[in-house]
Amino acid sequence: MKKRAFCLLLSLALLACVSAQADRGGSFYRRLQYGTLSAYENFVYHYSLKIFNRFETLPDEMLELLWQHMDEEHTEDSDEIYDIRIWFSPDSRYQFEAQVKEQTYASFDIEIAKAPEYLDLVRDGYPEDSNVRMIHDGILRATPAGDMLEIALAYDSMDENGSLYTTVFVYYDIYRDGVEYCFSMYAYDGDYNTAQAMLDEICQTVELAPSGVPA
């Protein structure tokens with residue numbers, strides 16, 4: 001089965017505005033800029049997490065457009081997506097996504113083993129001149145919910161003024177009871193270290209209950 005590359009769609013169609021201010025990094029700066037962590041609970045798909053309280057949820061009408069695009073792009077080889085929730089920072093520099101989906105592989109061990117091949121699965125979703133590349137070959141991160149597999153990509157784009165900027169995409173992945181949970185952070189004109197730190201801070205709050213897919 002194939003994972004889908006939503007990076008390009010979301011970055012170009014949903015969040016076109018990118019801030020050019022320098023990223024100072026650090027949890028103290030994040031608290032000043034994006035607020036404290038606030039609880040979110042998904043009662044349908046049985047998971048909870050904490051997200052920066054100044055992040056805003058993607059409007060329903062834009063989420064509906066995303067679902068329509070996914071339906072149009074769906075093939076027999078595509079993983080089934082059960083649910084997506086999206087939040088973005090007030091300066092439009094960062095976007096967090098929680099996704100519940102069909103497992104890509106039969107087991108999490110296979111997912112880990114195949115992590116270096118991730119780029120081959122999603123490369124077709126990016127323009128040839130985007131210079132999409134993997135930042136590393138996969139890292140296991142310890143969280144209270146269990147070990148999560150981190151994958152990180154970077155790719156280049158042009159803004160409306162013709163200036164080149166880099167988007168970093170980092171996600172944590174975990175299997176639970178036949179369901180795959182993906183927690184992602186996009187950093188527009190950002191850097192890997194800050195995006196990874198923000199995502200890790202959120203994922204350290206994730207709680208998963210059994211039976212992630214409703215009957």
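All of these numbers come straight from a predicted model, not from anything done at the bench. (Residues numbered from 1 in each chain as written. Predicted model: local features only at pLDDT ≥ 70, side-chain atom pairs only at ≥ 80, totals over all residues. Heavy atoms only, no water.)

### With respect to the nonpolar core
One recurring pattern in soluble globular proteins: nonpolar side chains tend to sit buried together.
Part 1: Among the nonpolar cores identified, the biggest contains 32 residues, and Tyr 47, Leu 49, Phe 55, Phe 96 and Phe 183 are the most heavily contacted of them.
Part 2: At the level of elements, β2 (47–52), β5 (94–102), β8 (148–158), β9 (164–176), β10 (179–188) and α6 (192–203) are the ones that each hand at least two residues to this core.
Part 3: For this core, the element with the highest residue contribution is α6, accounting for six residues.
Part 4: For Leu 49, the contacting residues outside a window of four places in its chain are Ser 38, Ala 39, Tyr 40, Phe 96, Ala 98, Phe 183, Ile 202, Thr 205 and Val 206.
Part 5: By size, the runner-up hydrophobic cluster in this structure holds 19 residues, among which are Tyr 105, Ala 115, Cys 182 and Tyr 188. (Core = buried A, V, L, I, M, F, W, Y, C linked by side-chain atoms within 4.5 Å. Buried < 20%, exposed > 50% of the residue type's maximum accessible area, 1.4 Å probe, protein only. Helix = DSSP H or I, 4+ residues; strand = E, 2+ residues; numbered from the N terminus. Contact = heavy atoms within 4.5 Å.)

### Re unusual backbone geometry
Part 1: Phi is positive for Asn 131, close to 55°, though the residue is something other than glycine.
Part 2: For Asn 131, the position within the fold is in the loop between α5 (118–122) and β6 (133–134).
Part 3: The partly exposed category is assigned to Asn 131, whose relative accessible area is 45%.
Part 4: Backbone geometry at Asp 177 places phi at a positive 55°, although glycine is not the residue there.
Part 5: With respect to the helices and strands, the residue Asp 177 is situated in the loop between β9 and β10.
Part 6: For Asp 177, a relative accessible area of 53% gives the class exposed.

### Concerning the sheet that holds strand β11 (residues 207–208)
Part 1: Taken in spatial order, the three strands make up an open sheet running β1-β2-β11, and their pairing is antiparallel. Each edge of the sheet is formed by a strand with only one pairing partner; in this case those strands are β1 (37–42) and β11.
Part 2: In terms of strand pairing, β1 meets β2 through six bridges, oriented antiparallel. From the neighbouring strand, Asn 42 faces β2, where its bridge partner is Tyr 47.
Part 3: Sitting on the sheet, α6 touches β1 and β2, and the angle it makes with β2 is about 135°. (Pairing = 2+ DSSP bridges. Axes fitted to C-alpha atoms, helices over the stretch in contact; angles between N-to-C directions.)

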